[in-house]
Amino acid sequence: MIESQLHKQTPQVSHKRVIDIDCERNHEMNSDKNIDRNVEKNGFPHSEHWYGKPYFSLDAYCKNTLGEKVYKIALDAGMTCPNRDGSIDTRGCIFCSAGGSGEFAVAPSDRKTDGKPDKNSIRASVQEQIITGTRLFEGRQTTHGKLSRKHTGHRFIAYFQSYTNTYAPVAYLKVLYDAALSEPCISGISIATRPDCVSLEICDMLDQLRQKYPDKFIWIELGLQTIHESTAVYIRRGYPLSRFDRCMQLLHEHHIPAIIHVILGLPGETADMIMETIQYLNHCNIQGIKLQLLHVLKGTDLCTDYELGKFHVLSMDTYLDLVMECLSILSPDMVIHRLTGDGSKSLLVAPLWSSNKRLVLNTLHKEMKQRNITQGCAYRP
Ligand code: SF4
């Protein structure tokens, strides 16, 4: 089955011309009420609220809502994942590398399930990681031993990134998130997880935290990757689209903003399939999206398939064409949290061009300008 789903062609992108035409048509329709609404909300298409970018970036969102640039500090909460611990599978998603955890200072035995987790050690570990993270941005140290040139303000997003960050007893999670939210430099938290690991109890607990910290935000990030079940089976995602829909309903009922991860370039997916995923998300009332290039990482089963020649990775040109098409049809209200991959360079097998993020983003911005493409220019509500 997997064999039949794999094919050696990269997604076929139609459509530099189609995107241009649609965007031009929309730009011309200045009296169109959708465009008026966009101008009103985001200042699209010539808005200072997008800070010169042709899309509504996370950076612009933070400047608009918080008044300054806000940086992310990735926290390791010592989690695992049901796709790795045997609850669903032991192999993980086909593209997911096994590393990334282990820095958390609280031993699993201290993460009690009786409603009385070891608050002090959890809080200390979170605080320590936040201090380390802020120092990275202050230029006192970097992960590579060089002085960082970045100099920032004083506000950060605590990003619970590694594995499934709601996969633990609710009492433990509450202490963990509370520890981050209580830090004065933290503007909010972003919790990466799976739709099948978001329960009513967790949403209720997040509600309580929101009431306790009314000036801070709480976001949930979900790794959907695709709406297509055939691809979901191949990548061993471990839940159907209906589970994502149920999770979204729960998040909406609790007014919790959702950021959805989508992977571009998954084996077997055509450009049309990717656009179907984007169109689907346009109607899910999500607040943000991460468009990620498929990375082939060392030691993954995806890498084995790649080395066997079962699929090709995207070229930079094809990837940028896909990103532009996605952006053109995305709602202009949607915040773009990422437009590239974010894999470890030491593990990256392909595509190697993706390690030069600056080149990728600069080329994207240049191409969008030349082709007169902006986020939402071909959006149809
Ligand atoms: S759900 Fe996330 S952490 Fe778990 S295996 Fe998949 S990608 Fe990795």
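A quick note: this is a predicted structure, and the numbers were derived from the prediction, not measured. (Residues numbered from 1 in each chain as written. Predicted model: local features only at pLDDT ≥ 70, side-chain atom pairs only at ≥ 80, totals over all residues.)

### Describing the overall build of the chain
And then number 1: When helices and strands are counted, the chain shows 13 helices and 9 strands.
And then number 2: Within the chain, the fraction of its 381 residues that count as buried is 41%.
And then number 3: Here the analysis covers contacts within the chain between residues at least 6 apart in sequence; of these, 81% occur between residues at least 24 apart. (Helix = DSSP H or I, 4+ residues; strand = E, 2+ residues; numbered from the N terminus. Buried ≥ 20, exposed ≤ 12 C-beta atoms within 10 Å, placed from the backbone. Contact = placed C-beta atoms within 7 Å.)

### Topic: the site of the ligand
And then number 1: Close to the ligand lie C81, N83, R84, G92, C93, C96, Y163, T164, R194 and G223, which account for all nearby residues.
And then number 2: Looking at the shell around the ligand residue by residue, the classes come out as 4 nonpolar, 4 polar and 2 charged. (Near = placed C-beta within 6 Å. Nonpolar A, V, L, I, M, F, W, Y, C, P; charged D, E, K, R; others polar.)

### Description of the packing of helix α5 (residues 119-138) against helix α6 (residues 170-181)
And then number 1: Here α5 crosses α6 at 40°, and the two axes come no closer than 9 Å. Judged on the interaxial angle alone, α6 and α5 are oblique. Judged by the twist between their axes, the crossing of α5 over α6 is right-handed. Where α5 abuts α6, its residues K119, I122, R123, V126, Q127 and I130 lie against V175, L176, A179 and A180.
And then number 2: Here the residues of the contact of α5 with α6 sort into 7 nonpolar, 1 polar and 2 charged. (Axes fitted to C-alpha atoms, helices over the stretch in contact; angles between N-to-C directions. Parallel < 35°, antiparallel > 145°, perpendicular 65-115°, else oblique. Left-handed = near helix turned anticlockwise from the far one by under 90°.)

### Some words on the sheet that holds strand β1 (residues 71-75)
And then number 1: Strands sit in the order β1-β2-β3-β4-β5-β6-β8 across an open sheet of 7 strands; the sheet is parallel. Among the strands making up the open sheet, the edge pair consists of β1 and β8 (335-338). With strand direction ignored, the average angle separating the axes of adjacent strands in the sheet is 25°.
And then number 2: Relative to strand β2 (residues 156-160), β1 runs parallel, the two sharing 5 bridges. The residue bridging A74 from the neighbouring strand is Y159, located in β2.
And then number 3: Most of the contacts of α6 go to strand β3 (residues 186-193), to which it runs at about 145°, and overall it touches β1, β2 and β3. (Pairing = 2+ DSSP bridges.)

### Comments concerning the pairing of strand β6 (residues 288-293)
And then number 1: A large share of β6 lies buried, amounting to 6 of its 6 residues.
And then number 2: Where burial is concerned, the two faces of β6 agree: the one with G288, K290 and Q292 and the one with I289, L291 and L293 are both buried.
And then number 3: Note: strand β5 (residues 258-264) against β6, 6 bridges, orientation parallel. Bridging from a neighbouring strand, V262 pairs with L291 of β6.

### A closer look at the environment of H255
And then number 1: Relative to the elements of secondary structure, H255 occurs in the loop between α9 (241-253) and β5.
And then number 2: Note: C-alpha distance between H255 and D207 (48 residues apart in sequence) is 8.6 Å.

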